[in-house]
Amino acid sequence: MIDIYSIYCVSEDLVARNIEGELVIVPLSSGIGDLTSEMYSLNTTGVAIWEKLDGKKDLKNIITQIADEYDTSWDEIKDDVVILITDLVKKGLVTKK
Amino acid sequence: MGEPSISTKNVIEFSNVSVGILIKALTRKKKTIRLKARGISMFPAIRNKDIITIAPLNDYEPETGDIVVCIDKSNQNVVIHRIIKKFENTVKTKGDFCFLSDGIYPLESVTGYILKIENDLKFSYFSINIRYKKLFAFLSRVNVLTFAVRFLKKIYL
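Source: prediction; values computed, not measured.

**Digging into the overall build of chain B**
From N to C terminus, chain B includes 4 helices and 8 strands. Reading the helices (α) and strands (β) of chain B from amino to carboxyl end gives β-α-β-β-β-β-β-β-β-α-α-α. What you see for chain B is a C-alpha radius of gyration of 16 Å, in line with the 15 Å of a compact globule of 157 residues. Principal-axis analysis of the C-alpha atoms places the extent of chain B at approximately 60 × 40 × 25 Å. When the 157 residues of chain B are sorted by exposure, 36% land in the buried category. A separation threshold of at least 6 residues defines the contact pool for chain B, and within that pool the share at least 24 residues apart is 57%.

Following this line, the structure appears as structure tokens:
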């Protein structure tokens, strides 16, 4: 369950790089960057959220910021952020601080 | 603003340069890398699709005989070949299966070295073994390895 009043940050056990126009995320398992296993890629909207996960702002703040930047309703952004963060946490790419 | 999404990627989808970016990023973080090899330029030590383990250099100074990862500064291309000669600040690399060397790379271009090759060939193990790697470098440099392997490949494969 994602709590929007909590701070979430990008896991330290990964390497993320912009490659061929997308953000590619390589999870590190036991300190090894296994390029034979699955990696992940985020679309532009995903990247916009990912980049705000700085370990300082809670999700509520991030949602407000994105809603302002993209001139979209807060509730709509909240749903999108919660869905993405749920997925990222499940994959071990983001952790609750 | 569209819906955010996360998708899975496979390294096969990436160009050589993109693989180089990931290798560089991981070795900078001092992480070991597992990667599926592409091509036959290091045949038979590394065959196409063999899984190789790349170690970051950390304090290790690559030496003659090591199979290393070089990233060409001019075009960012990745080459995983053997050092056939080491100079003070540069290395000369060559694929064991190639007749010509790649030329000279500055030591800074070497981002990692091959620690392990996952296949069932004893040859691969010996070719990176500390006792024999200099011999393999010599055989590769004088093209004996190249001729012998190409000859045997023609007969048996």
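**Brief notes about the overall build of chain A**
When you go through chain A residue by residue, the secondary structure sums to 3 helices and 7 strands. Secondary structure elements of chain A, listed N to C terminal, follow the sequence β-β-β-β-β-α-β-α-α-β. By the compact-globule yardstick of 13 Å for 97 residues, chain A fits well, its C-alpha radius of gyration being 14 Å. Seen along its three principal axes, the alpha-carbon backbone of chain A occupies a region of about 40 × 30 × 20 Å. Residue pairs in contact within chain A that sit at least 24 positions apart in sequence constitute 55% of those at least 6 positions apart.

**A short note on the interface of chain A and chain B**
Frequently, the measure chosen for interface size is the accessible area removed from exposure when the parts meet. With 28 residues of chain A in contact, the opposing surface of chain B contributes 24 residues. Secondary structure elements with two or more residues in the side of chain A that touches chain B: β2 (14–19), β3 (22–29), β4 (32–34), β5 (39–42), α1 (44–50) and α3 (74–90) of chain A. Considered class by class, the residues forming the side of chain A that touches chain B number 14 nonpolar, 8 polar and 6 charged.

**Describing α3 of chain A**
In an α-helix, one full turn covers 3.6 residues, which means residues spaced three or four apart are oriented alike. All names here are of chain A. Given a rise of 1.5 Å per residue, 17 residues ought to cover 24 Å, and the 24 Å separating the end C-alpha atoms of α3 matches this to within 8%. When α3 is considered as a whole, its buried residues turn out to be Ile77, Asp80, Val81, Leu84, Ile85 and Leu88. On an axial view of α3, the arc spanned by its buried residues comes to 125°, and they lie on one face. Pointing more than 90 degrees away from the buried face of α3 are the exposed residues Asp75 and Lys90.

**Observations concerning the sheet that holds strand β6 (residues 54–58) of chain A**
Residues and elements named next belong to chain A. Overall, antiparallel pairing links the 3 strands, which are arranged β6-β1-β7 in an open sheet. With one partner strand each, in any of the chains shown, β6 and β7 (94–96) form the two edges of the open sheet. Strand-to-strand, the axes of this sheet are offset by a mean angle of 25°, without reference to chain direction. Pairing geometry for strand β1 (residues 7–10) and β6, over 2 bridges, is antiparallel. Opposite Ile7, over in β6, you have Asp58 as the bridge partner.

**Digging into unusual backbone geometry**
Of note, the amide linkage connecting Phe43 of chain B to Pro44 of chain B takes the cis form, showing an omega dihedral of 5°. Within the secondary structure, Pro44 of chain B is located in the loop between β2 (32–36) and β3 (51–56). The backbone phi angle of Asp71 of chain A is positive, close to 50°, even though this residue is not glycine. For Asp71 of chain A, the position within the fold is in the loop between α2 (59–70) and α3. When the 7 C-beta atoms within 10 Å are taken as the criterion, Asp71 of chain A is described as exposed.

**Structural notes on the environment of Arg131 of chain B**
Mapped onto the fold, Arg131 of chain B is located in the loop between α2 (122–127) and α3 (133–141). As a C-alpha pair, Arg131 of chain B and Val142 of chain B span 11 residues in sequence and 19 Å in three-dimensional space.

**Re the packing of α3 of chain B against helix α4 (residues 144–156) of chain B**
Residues and elements named next belong to chain B. Between α3 and α4, the least distance of the axes is 4 Å, while the angle of their chain directions is 80°. What the angle tells us is that α3 and α4 run roughly perpendicular. Counting all contacts with α3, which are made through Phe136, Leu139 and Ser140, the residues of α4 involved are Val144, Leu145 and Thr146.

**Side note on the nonpolar core**
Ranked by size, the top nonpolar core spans 60 residues in total, and within it Val26 and Val81 of chain A together with Ile23, Ile67, Val69, Ile80 and Ile114 of chain B carry the most contacts. Once you skip the residues sitting within four places of it in the chain, Ile67 of chain B turns out to touch Met42, Ala45, Ile80, His81, Arg82, Tyr113, Ile114 and Ile128 of chain B.

**Quick word on the confidence of the model for chain B**
Taken as a whole, chain B shows an average pLDDT of 92; of its residues, 99% reach a score of 70 or greater. For this predicted complex, the interface confidence comes out at an ipTM of 0.85, alongside a pTM of 0.88.

**Considering the pairing of strand β8 (residues 110–118) of chain B**
All names here are of chain B. When β3 meets β8, the two strands line up antiparallel, connected through 6 bridges. Note on β8: the bridge partner recorded for Pro56 is Gly112. The sheet contact formed by strand β4 (residues 67–71) and β8 spans 3 bridges and is antiparallel. By the bridge assignment, Val69 is partnered in β8 with Gly112.

Parameters at a glance
Residues numbered from 1 in each chain as written. Chains lettered and ligands numbered in written order. Predicted model: local features only at pLDDT ≥ 70, side-chain atom pairs only at ≥ 80, totals over all residues. Helix = DSSP H or I, 4+ residues; strand = E, 2+ residues; numbered from the N terminus. Rg over C-alpha atoms; globule rule 2.2 N^0.38 Å. Buried ≥ 20, exposed ≤ 12 C-beta atoms within 10 Å, placed from the backbone. Contact = placed C-beta atoms within 7 Å. Nonpolar A, V, L, I, M, F, W, Y, C, P; charged D, E, K, R; others polar. Expected span 1.5 Å × (residues − 1). Arc of directions from axis to C-beta. Pairing = 2+ DSSP bridges. Axes fitted to C-alpha atoms, helices over the stretch in contact; angles between N-to-C directions. Parallel < 35°, antiparallel > 145°, perpendicular 65-115°, else oblique. Core = buried A, V, L, I, M, F, W, Y, C linked by C-beta atoms within 7 Å. pLDDT = per-residue confidence, 0-100.

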